[in-house]
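Each chain, letter by letter, is given below.
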Amino acid sequence: MSETDGLKIPQHIAIIMDGNGRWAKKRHKPRTYGHAKGAKVLEQTLEDCDDLGVKYLTVYAFSTENWARPYEEIKVIMDLFRQYLINSVEKCMKNNVRCMVIGERSRLSPDIIDAINNLEDKTRDNTGITFIVAINYGSRDEIMRGISGIASDVKNGILSPEDITEGTLAGHLDTAGIPDPDLMIRTSGEQRLSNFLLWQSAYAELYERFCNRHGMTGCLLDDPSEETTPSLQHIAAAFPAFCGRETAFLRYLQSECPAVREKVFLPVAPADAPLRID
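Here's what I pulled together on the structure shown here. Since the model is a prediction, treat every value here as computed from it, not as a measurement. (Residues numbered from 1 in each chain as written. Predicted model: local features only at pLDDT ≥ 70, side-chain atom pairs only at ≥ 80, totals over all residues. Heavy atoms only, no water.)

## So, the overall build of the chain
- In terms of regular secondary structure, the chain is built from 9 helices and 8 strands.
- Taken over 278 residues, the chain has a buried fraction of 48%.
- In the chain, 74% of the contacts between residues at least 6 apart in sequence involve partners at least 24 apart.
- When the accessible surface of the chain is totalled, it reaches about 13700 Å², and 49% of it is carbon and sulfur. (Helix = DSSP H or I, 4+ residues; strand = E, 2+ residues; numbered from the N terminus. Buried < 20%, exposed > 50% of the residue type's maximum accessible area, 1.4 Å probe, protein only. Contact = heavy atoms within 4.5 Å. Areas by Shrake-Rupley, 256 points an atom, 1.4 Å probe, with all protein chains shown as cover.)

## Remarks on the packing of aromatic side chains
- Tallied over the entire structure, the rule returns 5 aromatic pairs.
- On the numbers, 4.3 Å between centres and 10 degrees between planes, the contact of tyrosine 60 with phenylalanine 196 is stacked. Here phenylalanine 196 lies in the loop between strand 7 (183-186) and strand 8 (205-207) and tyrosine 60 lies in strand 4 (residues 56-63), a separation of 136 residues in the sequence. Across the pair, exposure class does not vary: tyrosine 60 and phenylalanine 196 are buried alike.
- When the centroid spacing of 6.3 Å and the interplanar angle of 90 degrees are considered together, the rings of phenylalanine 62 and phenylalanine 81 count as edge-to-face. Linking phenylalanine 62 in strand 4 with phenylalanine 81 in helix 3 (residues 71-95), this pair joins segments that are 19 residues apart in sequence.
- With a relative accessible area of 10%, phenylalanine 81 lands in the buried category.
- Ring-pair connections join several aromatic residues into one group, and the members of that group are Tyr60, Tyr137 and Phe196. (Phe/Tyr/Trp six-rings, centres within 6.5 Å; stacked < 30°, edge-to-face > 60°.)

This is the structure we're talking about:
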């Protein structure tokens, strides 16, 4: 964690992007409209995290279970990925963002895999915030692939069973070399990890309450009825619960972040309130 004005800033935030489809349905739009809007607001979320001093941002974009969704919805989501991956190269180079994609890639279309490889290669040496997108990702699948890799190393004499440690498995996961998340946010108010970063989030603080408190269903989405960008609002609401410095943090946001200067989003859960998944 880093510190800003005496406030501890999470080094790594992980976000389960949930509620986009329900947000669109509430506004009598197709679910695919919600996904498109969510992709645009995600760009602002990345900028907000970078401005606040966060070093790593991981977002759950498409899970291994999402293949069960209707074909047309999947097609739109994959088209969004194609465009997003291509457009991100120039933006990430301009803003010094390093990009990574985690998840099992063999089921993705060859052109999407090529776009992923190109984005990762072009941004590999950037030194700013690291942006990690989980596509066709499932934590159980990731762990199984990691165990399979360890078993292969043992079989080939590269590794001895007695030398296997937690670090060994961590080094065989998609997130090898990335610090574990400090803060996990779910945007729809649901209270599930949904097979996301199960190993890595063992000690992460969990935050999902702001969505129900503000009466929103798709909290990463830009709502014209709101005066500010919801993404920054929700990040701002989550930090005090993470660090227990509500007053100082909101004072810092009001002075440094124009998006929340005119509006303080309270109440916020007390720092000692239990944050658990039922």
